[in-house]
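Listed below, chain by chain, are the residues.
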Amino acid sequence: MKAEKRPRRKRTRIPDLILLLIQVSVMILFIYTLINLNMLNFKWLVLIIALLFVLLAMFTVLMIMKLGRGVTTVKRVVQVLLIAVMLVGNHYAGTLTNTLKTITNETQTRIDKISLLTLADNDGNSIEDFNGKTIGLQTGTDKDLTEFALGKIDQRIEYGKYEYVDYSVMINDFLLGYDDAILINDAYIKMMADSVEGFAGSYKVIETFTREIELTPAEVNAKLPDEPFAVYLSGMDELGDPHQQLRSDVNILMLVDPVANHVTMISIPRDAYVPIADGGNNQGDKLTHAGIYGVDASIHTLENLYGIKIDYYVRLNFTSFLKLVDLVGGIDVENDQEFTSLHGNYHFPVGKVHLDSEQALGFVRERYSLEGGDNDRGKNQEKVIAAIIHKLTSTKALSNYNEIISGLQDSLQTNMPLPTIMNLVNTQLETGGSYKVTSQAVTGQGRNDLPSYAMPGSALYMMELNADSVAQAKEKINQTMEGKNND
């Protein structure tokens, strides 16, 4: 008896049709993301879109054709892989865009912190322990922040208060035991520890009050891709949130010529004695103190000094500095004088040295072991920034930009518009050239007899700037901004 033949199953194209519809949907989403990201040069964007449409046409033809089972399986596997690649690319592109939106300050937040301190040997450990006690208050430049904290404290205890205009006087009275506790802006705590003898290590924090203020970002005119622009780089002296108002220890003006692939860096010492704009009422003080009034105060102070319009700022702290050096795989700098850093006790010989994150932090922080003190520290900061720029503009770094930027989103703040950042990346991808970095430092002579607006009555170390070095910096700035880089 002959075995009956099984009827041949009719092959269906439904799976292929579903795959094709998924491919079209993902492709449209991917193209939209690429256009919205605005990172690719137009010709590369057109090439990628054309390739995607060619692949779509190819899979459509293959779906219509009668193919063998093996060929059909291979086609489907390749099609699924293509869809997966577009989905992964869309995810990373979306993550990059969202991260950049966070960094570029589309919603600008200012964070102020003020703490209730008591002496380290005081038995009090909570606000309630100071019921009926005396609290010292600063009612000068920090009056509104003090009132914010008092509003919180008023709900919990009753207390006596003693008002001060000058933080230095308040700290001295605190150390003498005249006040049971004091309210002090966190931006001033380290300043007082550096300048008032006996304050460092004498206190403990009972509670910290945080105020977040939503700010309306200032109007920023995005420069064209071929226009030189000026960036203020501010490095804060504390770990933590870059939105908090703290002293600016690193102050570098970067003039960028994207056509010539040239960056000119002008560094100015943190102790430079200059009229502080905005919250500083144009009174003389250390440049680093401008940071406690906000980044705009630092920007306007430098604009007044150099006679220039600063287009953008980048504000970071030592947390982000450490992350950045790690993310680019360490950096190489040329060291011109042997020294040992107080931070980390690292020894740096003369010549080319490779720095990891902690070593780099020690390298840029050190000034006491350097022949030129703060002036030489500024030069070392420029070397490290130049080394980071060199790494960031390498092809390897560009391929890793998503990880680098994602790693910095909580530690870096800028007002540079997203399209400007994308144009820079786009130009770098197109040209592939490394940026040439030149630097110049503004110098001066140290003094201890100049008045400080932020800390009146304190004999602080200040640096009176050399007029010739400021004039040379202005000339260098004008050359770069006019596209006349002769280096």
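What you are looking at is a predicted structure, and each value in this text was computed from that prediction instead of being measured.

Peer 1: Tell me what's going on with empty space enclosed by the protein, and back it up with residues and numbers.
Peer 2: This structure, assessed with the given rule, holds seven cavities of 30 Å³ or more. The space that makes up the second largest cavity amounts to roughly 140 Å³. Lining the second largest cavity are Leu233, Gly235, Met236, Val250, Leu316, Asn317, Phe318, Phe321, Val364, Gln381, Val384 and Ile385. Of the residues that constitute the lining of the second largest cavity, the class distribution is nine nonpolar, three polar and no charged.

Peer 1: Let's hear about the sheet that holds strand 17 (residues 436-441): which residues, and what values?
Peer 2: Here six strands make up an open sheet; going across it, the order is 16-11-6-7-8-17 and the pairing mixed. Pairing within the sheet leaves two strands with one partner each, and these edge strands are strand 16 (412-414) and strand 17. Neighbour to neighbour, the strand axes of the sheet diverge by 20° on average, direction disregarded. Relative to strand 7 (residues 248-257), strand 6 (residues 229-236) is paired through eight bridges, and the arrangement is antiparallel. For Tyr232, the partnering residue across the bridge sits in strand 7 and is Leu253.

Peer 1: Can you tell me about the confidence of the model for the chain, naming the residues and giving the values?
Peer 2: Predicted confidence across the chain gives a mean pLDDT of 85, with 89% of residues reaching 70 or more. Taken element by element, the chain is modelled with least confidence in helix 11 (residues 395-398), mean pLDDT 66, and with most confidence in strand 9 (residues 273-276), mean pLDDT 96.

Peer 1: Help me get a handle on the nonpolar core, residues and values and all.
Peer 2: Generally speaking, a soluble globular protein has its nonpolar side chains buried in company with each other. Core analysis: the biggest nonpolar cluster contains 50 residues, and Ile184, Tyr188, Met192, Leu253 and Tyr306 have the highest contact counts within it. The element that contributes the greatest number of residues to this core is helix 7 (residues 295-306), accounting for six residues. Setting aside anything within four residues of it in sequence, one finds Met192 in contact with Tyr167, Ser168, Ile171, Ile184, Phe199 and Met455. Of all hydrophobic cores here, the second largest spans 49 residues; its members include Tyr312, Val353, Leu361 and Leu408.

Peer 1: Break down the packing of aromatic side chains for me, citing the residues and quoting the values.
Peer 2: Applying the stated criterion to the full structure yields seven aromatic pairs. Measuring from ring centre to ring centre gives 4.8 Å for Phe199 and Tyr203, while their planes differ by 25°; the resulting arrangement is stacked. Overall, Phe199 belongs to the buried group, its relative accessible area being 0%. On the numbers, 5.0 Å between centres and 45° between planes, the contact of Phe339 with Phe348 is tilted. Taken together, the ring pairs in this structure connect Phe339, Phe348 and Phe363 into an aromatic cluster. Cation over ring: Arg211 sits above Phe148, and NZ or CZ is 5.9 Å from the ring centre.

Peer 1: Got a sec to walk through helix 2 (residues 42-64)? Specific residues and values, please.
Peer 2: With 23 residues, helix 2 ought to run about 33 Å at 1.5 Å a step, and its terminal C-alpha atoms sit 33 Å apart, in line with that. Taken together, the buried positions of helix 2 are Leu45, Ile49, Leu52, Leu56, Phe59 and Met63. Those residues of helix 2 hidden inside the fold are in contact with helix 1 (14-37) and helix 3 (69-103).

Peer 1: With reference to specific residues and values, describe the packing of helix 9 (residues 357-365) against helix 10 (residues 374-392).
Peer 2: Relative to each other, helix 9 and helix 10 sit at 145°, their axes nearing to 7 Å. Each of Phe363, Val364 and Arg365 in helix 9 lies in contact with helix 10, whose residues at this interface are Arg377, Asn380, Gln381 and Val384.

Peer 1: Outline the packing of helix 1 against helix 2, listing residues and values.
Peer 2: The relative placement of two packed helices comes down to the angle between their axes together with the axis-to-axis distance. Contact pair helix 1 / helix 2: the axes reach a minimum separation of 11 Å and the direction vectors enclose 175°. Between helix 1 and helix 2, the angle is such that the two are roughly antiparallel. Where helix 1 abuts helix 2, its residues Asp16, Leu17, Leu20, Gln23, Val24, Met27, Phe30, Ile31, Leu34 and Ile35 lie against Leu45, Ile48, Ile49, Leu52, Phe53, Leu55, Leu56, Phe59, Thr60 and Met63.

Reading the values: the criteria
Residues take numbers from 1 onward in each chain, read along the sequence in its written order. Residues qualify for local features only when their pLDDT is at least 70, as the model is predicted, and side-chain atom pairs are given and counted only at 80 or more; totals for whole chains, interfaces and linings, by contrast, use all residues. Excluded from the side-chain calculation are hydrogens and water; included are all heavy atoms of the structure. In this analysis a 1.4 Å probe is tested at points of a 1 Å grid over the protein atoms alone, and where it fits but cannot get out there is a cavity; an open set with protein on both sides within 12 Å along at least five of seven lines is a pocket; lining residues have an atom within 4 Å of a point. Grid points are joined across faces, edges and corners, and a volume is the space filled by probe spheres set on the points. Residues are grouped as follows: Ala, Val, Leu, Ile, Met, Phe, Trp, Tyr, Cys and Pro are nonpolar; Asp, Glu, Lys and Arg are charged; every other residue, Gly included, is polar. A strand pair is defined by DSSP finding two or more bridges across the two strands. Numbering of helices and strands runs from the N terminus; a helix is a DSSP stretch of H or I covering at least four residues, while a strand is a stretch of E covering at least two. Lines fitted to C-alpha atoms define the axes here, with helix axes fitted over just the stretch in contact, and angles between the N-to-C directions of these axes take values from 0 to 180 degrees. The score called pLDDT rates the predictor's confidence residue by residue, from a low of 0 to a high of 100. Among buried residues, those of type Ala, Val, Leu, Ile, Met, Phe, Trp, Tyr and Cys that are joined through side-chain atoms within 4.5 Å constitute a nonpolar core. Whether a residue is buried, partly exposed or exposed follows from its accessible area with a 1.4 Å probe, protein chains only, as a fraction of its type maximum: under 20%, in between, or over 50%, in that order. Contacts between residues were defined by any pair of non-hydrogen atoms, one from each residue, lying within 4.5 Å. In this analysis, rings of Phe, Tyr and Trp, with Trp reduced to its six-membered ring, are considered paired at centre separations within 6.5 Å, and the interplanar angle assigns stacked below 30 degrees, edge-to-face beyond 60, and tilted for intermediate values. A positively charged side chain is recorded as over a ring if its NZ (Lys) or CZ (Arg) lies within 6 Å of the ring centre. The angle to the ring normal must also be within 35 degrees. To estimate how far a helix should extend, the number of its residues minus one is multiplied by 1.5 Å. Any angle that is under 35 degrees is reported as roughly parallel, and any over 145 degrees as roughly antiparallel; angles of 65 to 115 degrees are reported as roughly perpendicular and all others as oblique.

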